[in-house]
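Residue-level structure breakdown
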Amino acid sequence: MEARNLSARYGQVQALAPIDFQVGAGELVAVLGPNGAGKSTLLRAILGLVTNAGEVAFMGAALPRRNPVAVASRGVVLVPEGRGIFGPMTVMENLELGAYRLKDRHERQRRFDRVFELFPRLKERLGQTAGSMSGGEQQMLAIGRALMADPKILLLDEPSLGLAPRVTDEILETLGVLNRSGLPVVLVEQRAPQALKLAHRAYLLSLGRLVAVIDPREVQSHD
Ligand code: ADP
Ligand code: ADP
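For the structure given in this document, a descriptive report is provided here. (Residues numbered from 1 in each chain as written. Chains lettered and ligands numbered in written order. Predicted model: local features only at pLDDT ≥ 70, side-chain atom pairs only at ≥ 80, totals over all residues. Heavy atoms only, no water.)

1. A few points about the site of ligand 2
As a reminder of what qualifies: A molecule or strand has a residue near it when one of that residue's heavy atoms lies within 4 Å. Identification of polar contacts relies on pairs of N or O atoms within 3.5 Å, with a donor-acceptor requirement for protein atoms, meaning one able to donate a hydrogen and the other able to accept it, and with residues adjacent in sequence counted only if both atoms are side-chain atoms. Accessible surface area values rest on a Shrake-Rupley calculation with a 1.4 Å probe, where residue burial reflects the displayed protein chains alone. Helix and strand definitions here come from DSSP, where helices need a minimum of 4 consecutive H or I residues and strands a minimum of 2 consecutive E residues; each element is numbered from the N-terminal end. For this classification, the nonpolar set comprises Ala, Val, Leu, Ile, Met, Phe, Trp, Tyr, Cys and Pro, the charged set comprises Asp, Glu, Lys and Arg, and every other residue, Gly included, is treated as polar.
Taken together, the neighbourhood of ligand 2 is formed by Tyr10, Ala15, Pro34, Asn35, Gly36, Ala37, Gly38, Lys39, Ser40, Thr41 and Arg44. Note that an oxygen atom of ligand 2 is positioned 2.7 Å from one of the backbone N or O atoms of Gly36. Within the side chain of Arg44, one N or O atom sits 3.5 Å away from a nitrogen atom of ligand 2. Here ligand 2, which alone exposes 560 Å², has 57% of that area covered by the protein. Tallying contributions element by element places helix H1 (residues 39-47) first for the shell around ligand 2, with four residues. Of the residues contributing to the shell around ligand 2, the split by class is four nonpolar, five polar and two charged.

Right, dumping it as structure tokens:
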């Protein structure tokens, strides 16, 4: 994915100054920065969920700029902040929603198997309502549902938000497994040390501007 001069505004307020942003094949790219830095806005601009300018190309072709459904059908899939799962529905129903476009039974089963392989706990909770699960399990479900759509790139908005360190580690490790299997990932995170362990590159935002592009190999870990 290659974004050039991508910017975004809410009404008259520019929330993201023009930035260039790249995700190479098989890369995991972290987007870091404090609250209000513009991280979520960057994801929304890529997806066309907010008024934006500039260009985004994905797998060699321009992404439509004002058509989130068309962007999703190109395989650009978001796990939103707050997860976006349906609390009163079961785990199974939430997962099925992720693959609602898919008719092929074998392909559907293949995707379920992959999700259960990555998140075995979901398999034990299929009939349970999503809202009755722990925050960590809900986040696993949100990622599982996104995977049911067979993404070509996965964007995640602070998957660790509100989660305990141990379940955060578990989820981030699984993102690493997914990435090493070839899936490009854009990971918006406030937990910079953990994100830098997985990332090939990190973009640091502050007050709606890109302030640094970080090579994680050059950052010393102190934890
Ligand atoms: P984040 O963790 O991405 O910083 P925020 O707390 O900024 O999340 O935003 C939470 C929700 O409130 C989002 O849906 C966002 O679009 C909305 N929001 C944030 N700031 C404003 C604002 N100044 N005016 C209106 N809505 C806002
Ligand atoms: P981050 O994800 O880094 O916390 P955001 O992208 O959510 O930051 O927000 C960037 C800026 O845009 C903040 O100043 C925030 O208040 C503002 N903002 C976010 N969402 C909205 C919205 N829906 N309406 C107006 N302003 C918003």
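2. What to know about H1
Convention followed: For the exposure calls, accessible area comes from a 1.4 Å probe over protein chains only, and a residue counts as buried if that area is under 20% of its type's maximum, exposed if over 50%, partly exposed in between.
Counting buried positions over the nine residues of H1 gives eight, a clear majority of the element. Those residues of H1 that sit buried are Lys39, Ser40, Thr41, Leu42, Leu43, Ala45, Ile46 and Leu47. At the C-terminal side of H1, Gly48 shows a positive phi close to 80°.

3. Focus: unusual backbone geometry
One non-glycine residue, Asn5, lies in positive phi territory at about 55°. Mapped onto the fold, Asn5 is located in strand S1 (residues 2-10). The phi dihedral of Leu207 falls on the positive side, at around 50°, and the residue is not glycine. The residue Leu207 is located in the loop between strand S9 (201-206) and strand S10 (209-214) in this model.

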